[in-house]
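Observations on chain architecture
The lines below spell out each chain.
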Protein chains: 2
Amino acid sequence: MQFEIEKALPVLERTPQVIEALLYGLADEWVYSNEGADTWTPFDIVAHLIHGEKTDWIPRTQVILGEGSKVFVPFDMEGHQKEKKGKTMSQLLDEFKVLRKENLALLKTIDITNDSLDHTGIHPVLGPVTLRHLLASWVVHDLTHIHQLSRVMAKQYEEAVGPWKQFMGVLGGKR
Amino acid sequence: MQFEIEKALPVLERTPQVIEALLYGLADEWVYSNEGADTWTPFDIVAHLIHGEKTDWIPRTQVILGEGSKVFVPFDMEGHQKEKKGKTMSQLLDEFKVLRKENLALLKTIDITNDSLDHTGIHPVLGPVTLRHLLASWVVHDLTHIHQLSRVMAKQYEEAVGPWKQFMGVLGGKR
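Residues numbered from 1 in each chain as written. Chains lettered and ligands numbered in written order. Predicted model: local features only at pLDDT ≥ 70, side-chain atom pairs only at ≥ 80, totals over all residues. Heavy atoms only, no water.

1. A look at the overall build of chain A
Defined as follows: The numbering of helices and of strands both runs from the N terminus, where a helix is a DSSP run of H or I of at least 4 residues and a strand a run of E of at least 2. For every residue, the accessible area obtained with a 1.4 Å probe (protein chains only) is divided by the maximum for its type, and the residue is called buried under 20%, exposed over 50%, and partly exposed between those limits. The contact criterion used is simple: two residues touch if any of their non-hydrogen atoms lie within 4.5 Å. Counted charges follow a simple rule, with Lys and Arg positive, Asp and Glu negative, and His plus the chain ends left uncounted. Note that the charge is assigned to NZ on lysines, CZ on arginines, CG on aspartates and CD on glutamates.
A count of helical and extended segments in chain A gives eight helices and two strands. Across chain A, helices and strands are ordered from the amino to the carboxyl terminus as α-α-α-α-α-α-α-β-β-α. Taken along its principal axes, the extent of the C-alpha atoms in chain A is 55 × 40 × 30 Å. Per-residue burial for chain A yields a buried fraction of 54% across its 175 residues. Sequence separation of at least 24 residues holds for 69% of the intrachain contacts in chain A that already meet a minimum separation of 6. Positive and negative side-chain charges in chain A, numbering 19 and 24 respectively, have mean positions lying 3 Å apart.

2. What about helix 4 (residues 57-65) of chain B?
Residues and elements named next belong to chain B. Rules: The arc in question is the one traced by the directions running from the helix axis out to the C-beta atoms.
Those residues of helix 4 not exposed but buried are W57, I58, R60, T61 and I64. Angular distribution of buried residues about the axis of helix 4 spans 160°; they occupy a single face of the element. In the core, the buried residues of helix 4 are packed alongside helix 3 (42-55), helix 6 (89-108), strand 1 (120-123), strand 2 (127-130) and helix 8 (131-155).

3. As for the relation of the copies chain B and chain A
Superposition of the two copies of the chain requires a rotation about an axis together with a shift along that axis. For clarity, the cut-off: For this overlay, a least-squares fit was computed on C-alpha atoms, restricted to residues scoring pLDDT of at least 70 in both copies.
Rotating chain B by 180° about the axis while translating it 0.0 Å along that axis superimposes it on chain A, leaving an RMSD of 0.0 Å. Such a turn and shift between the copies fits a two-fold axis.

4. Some details on the packing of aromatic side chains
Just so we agree on the cut-off: Aromatic contacts are taken between Phe, Tyr and Trp rings whose centres are within 6.5 Å, Trp giving its six-membered ring; a plane angle under 30 degrees counts as stacked, one over 60 as edge-to-face, and the others as tilted.
A complete count under the given rule lists eight aromatic pairs over all chains for this structure. A ring pair is formed by W30 of chain A and Y157 of chain A, whose centres lie 4.9 Å apart and whose planes are at 65°; its orientation type is edge-to-face. Placement of W30 of chain A in helix 2 (residues 28-31) and of Y157 of chain A in the segment after helix 8 (131-155) is noted, with a sequence separation of 127 residues between them. A single burial state applies to W30 of chain A and to Y157 of chain A, both of which are buried. Put simply, the rings of F3 of chain A together with W30 and Y157 of chain B pair up and form one aromatic cluster.

5. Points about helix 3 (residues 42-55) of chain A
Residue and element names in this part refer to chain A. To keep it simple, the criterion reads: Residue count minus one, scaled by 1.5 Å, sets the expected span of a helix.
Along its 14 residues, helix 3 runs 20 Å from first to last C-alpha, staying within 8% of the 20 Å computed at 1.5 Å per residue. Across the 14 residues that make up helix 3, a large majority, twelve, are buried. Of the residues making up helix 3, those classed as buried are P42, F43, D44, I45, V46, A47, H48, L49, I50, H51, G52 and E53. At its buried positions, helix 3 is contacted by helix 1 (5-23), helix 2, helix 4 (57-65), helix 5 (80-84), helix 6 (89-108) and helix 8.

6. Quick notes on the interface of chain B and chain A
Note the threshold: The term buried area denotes the loss of accessible surface (1.4 Å probe radius) that occurs when two parts are joined, taken as the sum for both partners. When a carboxyl oxygen of Asp or Glu lies within 4 Å of a side-chain nitrogen of Lys or Arg, that pair is called a salt bridge. Nitrogen and oxygen atoms within 3.5 Å of one another constitute a polar contact, given that in protein one can donate a hydrogen and the other can accept it, and given that sequence-neighbouring residues count only through two side-chain atoms.
Between chain B and chain A, the residue contacts involve 59 residues of the former and 59 residues of the latter. Both sides together, the interface formed by chain B and chain A hides about 5,100 Å², and carbon and sulfur atoms give 73% of it. Where chain B packs against chain A, one counts two salt bridges. Residue E29 of chain A pairs with K7 of chain B through a salt bridge whose shortest N-O separation is 2.3 Å. For the pair chain B and chain A, the number of links is 13 residue pairs in polar contact (both at pLDDT 80 or more).

7. Section: the pattern of salt bridges
When their charged atoms lie close together, side chains carrying opposite charge are able to pair. All names here are of chain A. A full pass over the atoms with the stated rule returns 30 salt bridges over all chains. One salt bridge in this structure joins E95 and K54, with 3.4 Å as the shortest N-O distance. One end of the pair, E95, is in helix 6; the other, K54, is in helix 3, and 41 residues separate them in sequence. The class for K54 is partly exposed, based on a relative accessible area of 39%.

8. Quick word on the pairing of strand 1 (residues 120-123) of chain A
One face of the sheet, then the other: side chains in a regular strand alternate in exactly this way. All names here are of chain A. Going by this rule: The criterion for strand pairing is that DSSP finds at least two bridges linking the strands in question.
Residues G121 and H123 point to one face of strand 1 and are all buried, whereas T120 and I122, pointing to the other face, are not buried. In terms of strand pairing, strand 1 meets strand 2 (residues 127-130) through four bridges, oriented antiparallel. Looking across to strand 2, one finds that G121 is bridged to V129. The hairpin formed by strand 1 and strand 2 contains three residues between the paired strands.

9. Quick look at the side chain of H80 of chain B
Relative to the helices and strands, H80 of chain B resides in helix 5 (residues 80-84). A polar contact is formed between the side chain of H80 of chain B and the side chain of Q81 of chain B, at a distance of 3.4 Å.

10. Remarks on the packing of helix 4 of chain A against helix 6 of chain A
All names here are of chain A. Note the threshold: Angles shown run from 0 to 180 degrees and are taken between the N-to-C directions of axes, each axis being a line fitted to C-alpha atoms and, for helices, limited to the stretch in contact. Between 65 and 115 degrees an angle is taken as roughly perpendicular, under 35 as roughly parallel, over 145 as roughly antiparallel, and anywhere else as oblique. Take the far helix as your reference; a near helix turned counterclockwise from it by less than a right angle gives a left-handed crossing, and one turned clockwise gives a right-handed crossing.
Orientation of helix 4 relative to helix 6, taken along the N-to-C sense of each, is 20°, at an axis distance of 10 Å. Taken together, the axes of helix 4 and helix 6 are roughly parallel relative to one another. Viewed along their axes, helix 4 and helix 6 form a crossing whose handedness is left-handed. On the side of helix 4, the interface is formed by I58, T61 and Q62, while helix 6 contributes N103, L106 and L107.

Below, the structure written as structure tokens:
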């Protein structure tokens, strides 16, 4: 599937709803449990998405299309720590929803053409990347974290499902 | 995490909303693309969830708690084929929502106690399983298919993300 902005936007627009439907108001055991040492809870994941809205996708779009240095600021994989501090899950979900809305409103003010999609920036690890790569990655990054959220939640019932584990793809099973 | 019906129900209740937010009204390329030969599209997955509502979770609960044979009817992994026939995605999403609502209303009429959760049925492949295993598996089965949906959708942008693929967990990357 080719990247087209009209087909990417609806996915980006829905992610806050998907994640809110999945997490809003759930018991703490669903929200604050992870997959083991050095892994993220759903609470961490939403804070990470917030950090991405603030420092990753739109700022890097502006770097690519701007007049200054083309080199991206490295993304801070610990940036969620300060985003989540003193917050509740419902605050994080609201904050993510507002930031995403603002960012997509901003994106819609930019003239996304086949030409601008070919403009490049320099990723500190990946090297030259196009605006097309960046915007497609924004979509897949959302999907990566929906994927992760479903896996982290399922993990909490790994014992509870008993012998069914072998049929549950999300727990490493075969279906 | 121990299985408790009050903590499982909210997850089961939200799944239709999660899936609707993820898929409703999306372009055909998101909805009718799969991961390659013998894999499912989002359309197939929703049809499979409908087939589960009709033949799996509640019917098997009734077998476990009923007076007759304790042996489950084998689940038909091709059952989605007839569920999807002649339907649109929006029809399937509505149908899943209605069936899930009816099934949870029915589940709430059943007295789920620590005693009834220990009752067993005979799975044709897994052997004896408890009602606790079955209901926990209903939750994890939902999460398995949310996990799969996010992966199938991400797969469509495998090329579009360019070098970012290596950072995208849902595409086999390391983050």
